[in-house]
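Fold and contact review
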Amino acid sequence: MASSKQQMHVLAVDDNSVDRAVISRILRSSKHKVTAVDSAQRALDLLGLESDVNMIITDYWMPDMTGFDLLKRVKGSSALKEIPVVIMSSENVPSRINRCLEEGAEDFLLKPVRPSDVSRLCSRMMMR
Amino acid sequence: MLVNFPNETLPAFFSRRRNNHQTLPFPLSEGYLDEQFHQLEELQDDVSPNFVEEVVVLFFRDSSRLISNIEQALEKHPQDFHGLRACVQQLKGSSSSIGALKVKNECDLFREYCDEENKEGCLRSFQKVKKEHAILRQKLEAYFQLLRQVGQMERATPSYN
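A short tour of the structure in this document, coming up. (Residues numbered from 1 in each chain as written. Chains lettered and ligands numbered in written order. Predicted model: local features only at pLDDT ≥ 70, side-chain atom pairs only at ≥ 80, totals over all residues. Heavy atoms only, no water.)

**Here we look at the sheet that holds strand E4 (residues 85–89) of chain A**
All names here are of chain A. Counted only if it meets this: Each pair of strands is called paired provided DSSP finds at least two bridges between the two strands. Where helices and strands are cited, they refer to DSSP runs of H or I of at least four residues and of E of at least two residues respectively, numbered from the N terminus. Only the stretch in contact is used when fitting a helix axis, every axis being a line fitted to C-alpha atoms; angles between N-to-C directions are given from 0 to 180 degrees. Note on contacts: a residue pair qualifies if any of its non-hydrogen atoms lie within 4.5 Å across the two residues.
In spatial order, the strands read E2-E1-E3-E4-E5; together these five strands make up an open sheet with parallel pairing. Each of the sheet's edge strands pairs with one partner strand only, and the pair in question is strand E2 (33–37) and strand E5 (107–110). For this sheet the average axis-to-axis angle between neighbouring strands, irrespective of direction, equals 20°. As judged from the four bridges shared by strand E3 (residues 55–59) and E4, these two strands associate in the parallel manner. If you follow Ile 57 over to E4, its bridge partner there is Val 86. Relative to the sheet, helix H2 (residues 40–48) contacts strand E1 (9–13), E2 and E3, its axis offset from that of E1 by approximately 155°. Against the sheet, helix H5 (residues 115–126) contacts E3, E4 and E5, and its axis sits at roughly 165° relative to E5.

Here is the structure:
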């Protein structure tokens, strides 16, 4: 049980440089460690190394591999499936949101992501 | 040379900052930027004192590229509305992430014309997107310049602090 604030290592995945900068700053201002990558493939490469990532936050819509594909890969891997995955999207599509949650996403955040959304999320993560 | 700041004299401005620790009310009050921009300003601290300006630079780098892509996409015959929509959606996304309200709204309209496959509508709304984008660039350049000048003046005149 976490009584004091712990630092998480969050892997942020977004092909948009503005969004990457924003999500990184939001997380760092709460003293979390952030690794930001611009594609799902890079995320998988990083996760494949000896990584201490405790949460993944990913954009849904990316070229090549979507955040949903990344989610499936993570949840389908015995080594990675315990890592919570949060999906971000600028489009509010209920069927998409449901599909992500059914596939095991921890949460779904609508963009633009607010600092308050992320701090709520991190508090929940650290309660575990 | 200070940028003319409408409606407020500098002493009044310093007084307000001293009392409320507020950032400048413009450009929020003019409707160019929304609450998201203010939230980004709130994220600035000693570790990242120039975060907002850095993000704004990223935004204009990305958005200029997207605008150029859209320009090229609009010259294609037959029109690829799907590809065009994807570019507009990206521009809308970046705009909304920094709180660029007017640019974002024009992108929404542009996107509707793409969905309707209305070429004329697309061309018209693209002109508006470009116009709002250019105005926002000017406003933000002036804003950051003013912040720098204010910062210098505050450091130089301790009686105001």
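The discussion continues.
**A look at the packing of helix H1 (residues 17–29) of chain A against H5(A)**
Residue and element names in this part refer to chain A. Threshold: Relative orientations are named as follows: roughly parallel for angles under 35 degrees, roughly antiparallel for angles over 145 degrees, roughly perpendicular for angles from 65 to 115 degrees, and oblique for any other angle. Crossings are classed by handedness, with left-handed meaning an anticlockwise turn of the near helix from the far one by less than a right angle and right-handed meaning a clockwise turn.
Direction vectors running N to C along H1 and H5 enclose 55°, while the axes themselves pass 10 Å from each other. The angle between H1 and H5 falls in the class oblique. For the element pair H1 and H5, the recorded crossing hand is right-handed. On H5, the residues that touch Ile 23, Ile 26 and Leu 27 of H1 are Pro 115, Val 118 and Cys 122.

**Some thoughts on the pattern of salt bridges**
Formally: For this document, the term salt bridge refers to a Lys or Arg side-chain nitrogen within 4 Å of an Asp or Glu carboxyl oxygen. Between buried and exposed lies partly exposed: a residue is buried under 20% and exposed over 50% of the maximum accessible area for its type, with that area taken using a 1.4 Å probe on protein chains only.
For the structure shown, the criterion picks out 16 salt bridges over all chains. Put simply, Arg25(A) and Asp45(B) hold a salt bridge, and the shortest N to O gap is 3.6 Å. Here Arg25(A) is found in helix H1, whereas its partner Asp45(B) is found in the loop between helix H2 (35–42) and helix H3 (51–74) on a different chain. On the accessibility criterion, Asp45(B) (25% relative accessible area) is partly exposed.

**Observations regarding the packing of H1(A) against helix H4 (residues 81–98) of chain B**
Short version of the rule: Here the term charged refers only to Asp, Glu, Lys and Arg, the term nonpolar to Ala, Val, Leu, Ile, Met, Phe, Trp, Tyr, Cys and Pro, and the term polar to all other amino acids, Gly among them.
Look at H1(A) against H4(B): their axes get within 9 Å of each other, and the N-to-C directions meet at 30°. The angle between H1(A) and H4(B) falls in the class roughly parallel. The two elements H1(A) and H4(B) meet at a crossing, and its hand is left-handed. Touching Val18(A), Asp19(A) and Val22(A) of H1(A) are Gly93(B), Ser94(B), Ser97(B) and Ile98(B), all from H4(B). Taken together, the residues of the contact of H1(A) with H4(B) break down into three nonpolar, three polar and one charged.

**Thoughts on the environment of Lys139(B)**
Here Lys139(B) shows up in helix H6 (residues 119–156). By relative accessible area, which is 24% here, Lys139(B) ends up partly exposed.

**Examining the packing of aromatic side chains**
Convention followed: Centres within 6.5 Å are what make two rings of Phe, Tyr or Trp a pair, Trp counting through its six-membered ring; a difference in plane orientation under 30 degrees is then read as stacked, over 60 as edge-to-face, and the rest as tilted. Here, a charge over a ring is recorded when the distance from Lys NZ or Arg CZ to the ring centre is within 6 Å and its angle to the ring normal is within 35 degrees.
Counted by the stated rule, this structure contains five aromatic pairs over all chains. A centroid spacing of 5.0 Å and a plane angle of 70° characterise the contact between Phe59(B) and Phe60(B), whose relative ring orientation is edge-to-face. Summarising the burial analysis for this pair, Phe59(B) and Phe60(B) share the class buried. Taken together through their ring pairs, the aromatic side chains of Phe37(B), Tyr143(B) and Phe144(B) make up a single cluster. Just above the ring of Phe68(A) sits the side chain of Arg99(A); from NZ or CZ to the centre is 4.8 Å. We note Lys102(B) situated over the ring of Tyr32(B); from NZ or CZ to the ring centre the distance is 4.2 Å.

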